[in-house]
Amino acid sequence: MQSNKLGWILLAPTLVILFFFGVLPFLYVVFVSFHQWNPFAASPEMIFNGAENFRRIVFDDAFLNSLGVTVMFVIFAVLSELVIGYLLAQAFMKEFPGKSIFRTIHTLPLIMAPIIVGSVWKLMTTPSIGIIPHYLDEWFGITMNIGTSAPAAFMTIVIMDIWHWTPLVTLTLIAALVSLPRDPFEQAQIDGANKAQTFWHITLPMITPALVATVFIRLMDALRTVDEVWMLTGGGPGSSTRFLGVHIFKEVFPKTNYGYGSTISVIVLYLTIVVCWLLYVSMLAPRKNRKG
Amino acid sequence: MNFALKVGVSALAMAVASSAAYADDAFWKEAAKPYQDVTLRGVTESTPPSNYIREVLAPEFEELTGIRVDIETTSWDQMYDKAIKDMEAGTGIYDMVFIEQDIVYSYLARDFLTDTTKLLADNPDLKAPTYSEDNFTTFANYFRGENGDLYGVPMEAFIKIYLYRTDLFNDAEIKAAFKEQTGRELVPATTHAEYAEIAQFFTKWGEDHDMDLWGTTAQAHTGHPASWYEFFETIAPTFGVYNWGIDADNNFAASVANGGEMNSDEAKEAMKWWLSMRDIAPPESNASTWTEVGTTFGAGRVAQGLVYGENAGWIAADETKSLVVGNVGVALPPLQDGVMEEVEGGTGYIGYYDGGAFGIPSTSKSQEAAMLFLQYIGQDEVQPDWAVAAPRVTNKTTYDAPKVKAMNEELGGYYDLLRDKGYLFAGAPAYPFHAQVREATAPILYQILTGDLGPDEGLDQMAAKAEAELTDLGYRK
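Residues numbered from 1 in each chain as written. Chains lettered and ligands numbered in written order. Predicted model: local features only at pLDDT ≥ 70, side-chain atom pairs only at ≥ 80, totals over all residues. Heavy atoms only, no water.

Colleague: What's the story with the packing of aromatic side chains in this structure? I'm lost.
Modeller: Tallied over the entire structure, the rule returns 57 aromatic pairs over all chains. An angle of 25 degrees between the planes, with centres 6.3 Å apart, marks the rings of Phe92 of chain A and Phe96 of chain A as stacked. With a centroid separation of 4.7 Å and an interplanar angle of 40 degrees, the aromatic rings of Tyr135 of chain A and Trp139 of chain A are classed as tilted. Within this pair, Tyr135 of chain A and its partner Trp139 of chain A are both found in helix H6 (residues 131-140), separated by four residues, close to a single helical turn. Here Trp139 of chain A falls in the exposed class, since its relative accessible area comes to 60%. Taking the ring centre of Tyr260 of chain A as reference, the NZ or CZ of Arg56 of chain A above it sits at 3.8 Å. One residue, Arg392 of chain B, lies across the ring of Trp386 of chain B, its end atom 3.8 Å from the ring centre. (Phe/Tyr/Trp six-rings, centres within 6.5 Å; stacked < 30°, edge-to-face > 60°. Helix = DSSP H or I, 4+ residues; strand = E, 2+ residues; numbered from the N terminus. Buried < 20%, exposed > 50% of the residue type's maximum accessible area, 1.4 Å probe, protein only. Lys NZ or Arg CZ within 6 Å of the ring centre and 35° of its normal.)

Have a look at this one:
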């Protein structure tokens, strides 16, 4: 009992901070989401409008478009990062000349702020000035203009995200792979398992918790991507890269539509929780059942 | 005048000048005494005029008064974001905020700003002898409330002008080729047809001579408000479509069907002309905001273009940034027939008179000290250097300063144009919903720019969307 009390005392400051900087703002956003509130409307007051904002969101083409674009982005980016990150992690498990230098270079994007990443990629992709369109044209005769081509803009953002965040996946998976016991692998080798069988039946199940944690982190990040996209395309061309984060930003600032913007934020949070829960159930639950 | 008399007069003049300077210094030191522990915080966009405040005027003021001034220069979006959040929440972080010419009406509608005229009237001890509202050009009127009082001290004011390359326009070979091809002299365009002809000529000339040269600029970003402003504040007025095509006196009608002009024949013609120019502009135009348009011109990639005047200074005179120094001419934008007569007659305007002021949020906790700083930057005395560093003019006497006259030569007569023809330009319409309508309609404009929507259909949709947004906001009944 005494140690319990001490535990609560030690936790208290953290809980207070969490309440004021986490729970309270969240509750406020939920509160605002049930209101019509635009400070620059003819009536700038906050007016309770029940579930009207939530009803409106279902029929809002702009929101649905943003949702679609974001889901596509998440699928392309996160899956690619997982695959490439895993392959790189496996590569880094082996010894080869210049490994430490290569690993350092590979990790560099991770320490760059998203806004800088967006700026650098904007510089690299601006037609006439950027090196990417320049060499695509010179080497392959391909004209690339992310200001006019929606697919080019979308794919550029996916590639930029892969470049930026794959190192995180690599580092996490290296940590997971390093900690794996050798016995099951030796046993598999004795039993004559090939590489694919070893991967599916030994490696993958054993690194699944790390994999799930990594997917959660990347999924949540990808769902609220704003800064890099903002710098690179501003959501364009048209609305082709207007991800949910950018859409919320534009709804709240500069449209100053706080009520509806809050509603979208709440919905996005809900969707994130649902997707994470589905992933958790689909990836970890079977494993638990097997154990059971 | 004999030598003794000259010496005597000079000595007297110096004595008067030094005593006046001393008296001024004495005022600032005395007035600042109660605010020695104050740190003023301001937020503004990172532009040449604002950077001059941060790097020159703020340190000068700090040295003179002992009042610390922190000026935060940031991106256009962040500047709004931070200022509005602060004023909306009433946190009082900022003592000075940049008020762009169009957002001022929203701020006034929300009582976000301090009445500087009243503040000085209520605190006569704060009134600097060198500061007077009479010093300002008529641009200051955009920052006056309904009571006629000033709610912001103007800090930048410039027009969006037609810049052209004098080295290309005066090149004998080019002139001859143009004459042969078009049958007329190569001179700055006064009509859209002439402008288009020149643009097409130079784009072709660049292709034929393997040069990185195009005939026109285009501020046509497909995901940034810059393109929206380019169309509604630069292009549309030259076709006779004013105030974004919204009729405030007619229940804020935007569509032709309801009495507005956002989708009028003139607006549609303007859009088609603009798109045709965008198509022969440098490839980066689809990703260009006002900044990149300036950079494109400064890099010598275009023969002519419509450029914000705040960039004209470095383009024409800063060799570290510009490749066309000494080769820049200025002119009025090309106009549709009848527009100039209409504007001279008092209806409409031919382009955007952009700029902004520094205002004091009602939530500031150091309003008196902030007022001292605003007066400092509003004096005639600090204007000439500021106008040379960044081509903005807010005070009437600035035009007469020798260094400004010299700069005027370098800028191809830009200051003369601003002084003599500034009245033809206008700031944004007095709507309290600028950002809201812009953001509501911008996605449709971007679709027009990407070709997903035709200009006619797109403008029809924009007009309908503008009216819907104004209805949602409660302005349109």
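Colleague: What's the story with helix H2 (residues 48-65) of chain B in this structure? I'm lost.
Modeller: Three or four residues apart is the spacing at which side chains of an α-helix point the same way, because the helix has 3.6 residues per turn. All names here are of chain B. With 18 residues, H2 extends 24 Å from end C-alpha to end C-alpha; this agrees with the ideal 26 Å at 1.5 Å per step. The principal kink in H2, of about 35 degrees, is found at Arg54. All of the buried residues in H2 are Pro49, Ser50, Asn51, Tyr52, Ile53, Leu57, Ala58, Phe61, Leu64 and Thr65. In the segment just after H2, Gly66 is the residue with positive phi, at about 85 degrees. (Expected span 1.5 Å × (residues − 1). Bend = angle between axes of the 7 residues up to and from the residue.)

Colleague: Explain the pattern of salt bridges here, please?
Modeller: Pairing between side chains of opposite charge can happen when the charged atoms of each approach one another. All chains considered together, the criterion is met by 31 salt bridges over all chains. For the salt bridge of Asp161 of chain A with Arg218 of chain A, the shortest nitrogen-to-oxygen distance reads 2.7 Å. With Asp161 of chain A in helix H7 (residues 150-178) and Arg218 of chain A in helix H9 (residues 195-223), the pair connects residues that are 57 residues apart, well separated along the chain. Across the pair, Arg218 of chain A and Asp161 of chain A agree in class, each one buried. Between Glu133 of chain B and Arg144 of chain B there is a salt bridge, with the nearest N and O atoms lying 3.1 Å from each other. Remark: Arg144 of chain B occurs in the loop between helix H5 (116-122) and strand E4 (153-165) and Glu133 of chain B occurs in the loop between H5 and E4; sequence separation between them is eleven residues. According to the relative accessible area criterion, Arg144 of chain B is partly exposed, its value standing at 22%. What you see here is one network of salt bridges that share partners, running through Glu81, Asp161, Arg218, Asp221 and Arg224 of chain A. (Salt bridge = Lys/Arg side-chain N within 4 Å of Asp/Glu carboxyl O.)

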